[in-house]
Amino acid sequence: MDATGRLEISQGESFIDVKSFFESAPPLKNSDSITQKSSPTCCFGNLLVSGNAKSVGVVCVTSGGTTVPLEQRCVRYIDNFSSGNRGAASTEYFVKAGYAVIFVHRRGSCQPYCRYLPEDSFLEFFEVLNDSEIQGRKWPKRFLDYLRGVILVPHPNEFNSIIRDLRDIDAIFCFTMSVCHPHATVVKKAIKEYHSAVNGGFLLKLPFTTIFEYLQIIQVVATSLSCLGPRGMFYLAAAVSDFYVPWENMAKHKIQSAAGPLDMRLTQVPKMLRILRTDWAPSAFCVSFKLETDSEILLQKAESALRKYQMHVVVANELATYKREVIAVSLDGKISIRKQSEDADVEEQLIKLLVEKHNKYIECCGMG
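**Examining the pairing of strand S16 (residues 325-330)**
With respect to burial, S16 is a largely interior element, five of its six residues being buried. Taking the residues between adjacent antiparallel strands as the criterion, strand S15 (residues 313-318) and S16 are bridged by six residues. Where S16 meets strand S17 (residues 333-338), six bridges bridge the pair, whose relative direction is antiparallel. Across the sheet, the residue bridging to Val 326 is Ile 337, located in S17. Linking two consecutive strands that pair antiparallel, namely S16 and S17, is a turn of two residues.

Given below as structure tokens:
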């Protein structure tokens, strides 16, 4: 059998594996809401109308690591290493470049515009000006979401009422607070840039935790963005699990240690990249990442992924140096990208390069 025949069989097997994965996965919560939120006409319609130059396109940035639950009522899970810093930083630079961003992120991972805030930041940043004075001012929901770490109390007239659901924004009021002087500049900058992105319609955040949630969200977002053709982009920086426990094979309840050593067989996660390129969003510009600990095989693996999954760019990075240097691998060749200074982000130059490549791709598709 020739190479073409082998490829067709491989693709057929891949589609079957993907279909089986989704059929057996637990249903995605709020899938209808996610579909509506990720629709370009719903979220970014004012940026994407014909002749409007505010946005050059929409990019889906994935960030953080997926978990693999070991029980249906999960207590134990296998995690993938990722702080989410690359995805968060890249989101900021995409917004600066004029893109609307769908930020698909691991819950609790690094967030855009929060990268320079220290740990336990909100306890350090804020101080109460007057213990006896409570300001009866209602914060906007977006700002309240941003300041989840701040201690919140009800309106003084309802002080004895217990507010159990912090989503009931109409019932929440705050102390009068001030940002401590050493942190004022960084907090002010973060809040200003965050609100500019959200209020301007350039940022939508969709959280995930498990491999099941992540892949279902990607399918929904990709299907939604397919209508944009080449103006859509996928920047797949999340650390996605390679192996998982099928839902039907999981223990329903917590695995008991009294049963002795744990012997568990993991199944390989179907490769979704080819399906993304050929079926879900075939005209989108796609960027994937390849992380290795062995520099000897890094570029070989990146080039293999470029061909196998028909990516437009594969970003190769080594674990020991990924914060300082990456290599963008494409059919045009390899480009090494390094931090320009100690305080700079390698993502700044990376996004600049990808924006240039994406613009050329749009022009080649006759939409420039």
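Here the narrative resumes, following the displayed structure.
**Some details on the packing of aromatic side chains**
What characterises a pair of aromatic rings is the spacing of the ring centres plus the angle enclosed by the ring planes. Following the criterion strictly, the structure yields 11 aromatic pairs and no others. With a centroid separation of 5.9 Å and an interplanar angle of 80°, the aromatic rings of Phe 212 and Tyr 244 are classed as edge-to-face. Taken as a pair, Phe 212 in helix H9 (residues 211-225) and Tyr 244 in strand S12 (residues 243-244) lie far apart in primary sequence, 32 residues in all. The residues Phe 212 and Tyr 244 share a single accessibility class, namely buried. When the centroid spacing of 6.0 Å and the interplanar angle of 90° are considered together, the rings of Phe 212 and Trp 247 count as edge-to-face. Separated by 35 residues along the polypeptide, Phe 212 in helix H9 and Trp 247 in the loop between S12 and strand S13 (267-268) bring together distant segments of the chain. Classification of Trp 247 by relative accessible area gives partly exposed; the value is 22%. Among the aromatic residues, ring-to-ring pairing joins Phe 21, Phe 22, Phe 212, Tyr 244, Trp 247 and Trp 280 into one connected group.

**Structural notes on the sheet that holds strand S11 (residues 232-236)**
Taken in spatial order, the eight strands make up an open sheet running S10-S4-S1-S11-S14-S15-S16-S17, and their pairing is mixed. Every interior strand has two partners, whereas the edge strands, strand S10 (203-208) and S17, have only one. Each strand axis lies, on average, 20° off the axis of its neighbour in the sheet, ignoring direction.

**Quick notes on a nonpolar patch on the surface**
On the surface, a cluster of nonpolar side chains totalling about 240 Å² of accessible area is made up of Ile 78, Phe 243 and Leu 266. Along the chain, Ile 78 turns up in strand S3 (residues 77-79).

**Let's talk about the side chain of Glu 292**
Its place among the elements puts Glu 292 in strand S14 (residues 285-292). Not counting chain neighbours up to four residues away, the residues in contact with Glu 292 comprise Ile 297, Leu 298, Lys 301, Asn 317, Glu 318 and Leu 319.

**A closer look at the confidence of the model for the chain**
On average, residues of the chain score 81 in pLDDT, and 74% of them are at 70 or above. Long-range and interchain partners of residues 132-139, a stretch whose pLDDT sits below 50, account for 18 contacts in this model, where long-range means more than four residues apart. Counting contacts from residues 146-174, a segment whose pLDDT is below 50, to residues more than four positions away or on other chains yields 51 contacts.

**Thoughts on the pattern of salt bridges**
Tallied over the full model, the rule gives 11 salt bridges. A salt bridge links Arg 86 to Glu 347, with the nearest nitrogen and oxygen atoms 3.0 Å apart. Of this pair, Arg 86 sits in helix H5 (residues 85-96) while Glu 347 sits in helix H12 (residues 346-364), and the two are 261 residues apart along the sequence. There is no split in this pair, since Arg 86 and Glu 347 are both buried. Of the charged contacts in the structure, one is a salt bridge between Arg 115 and Asp 345, with a shortest N-O distance of 3.2 Å. Taken together, the residues span a long stretch of sequence, with Arg 115 in the loop between strand S4 (100-106) and helix H6 (121-125) and Asp 345 in the loop between S17 and H12 at a distance of 230 residues. Under the relative-accessibility criterion, Arg 115 is labelled buried at 14%.

**Regarding the packing of H5 against H12**
Packing of H5 against H12 leaves a shortest axis separation of 9 Å and a crossing angle of 55°. Between H5 and H12, the angle is such that the two are oblique. For the crossing formed where H5 meets H12, the hand is right-handed. Here H5 contributes Arg 86, Ala 89, Ser 90, Tyr 93 and Phe 94 to the contact with H12, which in turn contributes Val 346, Glu 347, Glu 348, Ile 351 and Val 355.

**Quick word on the side chain of Thr 62**
Looking at the secondary structure, you find Thr 62 in strand S1 (residues 58-63). Exposure remark for Thr 62: the relative accessible area of 0% places this residue in the buried category. Separated by 3.1 Å, the side chain of Thr 62 and the backbone nitrogen of Ala 237 make a polar contact. Among the polar contacts listed, one links the side chain of Thr 62 to the backbone nitrogen of Ala 238, at a separation of 3.1 Å. Sequence-distant contacts of Thr 62, defined by excluding residues within four places in its chain, comprise Val 104, Tyr 214, Ile 218, Tyr 235, Leu 236, Ala 237 and Ala 238.

Scoring rules and cut-offs
Residues numbered from 1 in each chain as written. Predicted model: local features only at pLDDT ≥ 70, side-chain atom pairs only at ≥ 80, totals over all residues. Heavy atoms only, no water. Buried < 20%, exposed > 50% of the residue type's maximum accessible area, 1.4 Å probe, protein only. Helix = DSSP H or I, 4+ residues; strand = E, 2+ residues; numbered from the N terminus. Pairing = 2+ DSSP bridges. Phe/Tyr/Trp six-rings, centres within 6.5 Å; stacked < 30°, edge-to-face > 60°. Axes fitted to C-alpha atoms, helices over the stretch in contact; angles between N-to-C directions. Patch = residues over 30% accessible without salt bridge, like charges linked within 9 Å, V, L, I, M, F, W, Y side chains within 5 Å. Areas by Shrake-Rupley, 256 points an atom, 1.4 Å probe, with all protein chains shown as cover. Salt bridge = Lys/Arg side-chain N within 4 Å of Asp/Glu carboxyl O. Contact = heavy atoms within 4.5 Å. pLDDT = per-residue confidence, 0-100. Parallel < 35°, antiparallel > 145°, perpendicular 65-115°, else oblique. Left-handed = near helix turned anticlockwise from the far one by under 90°. Polar contact = N/O pair within 3.5 Å; in protein donor to acceptor, adjacent residues only side chain to side chain.

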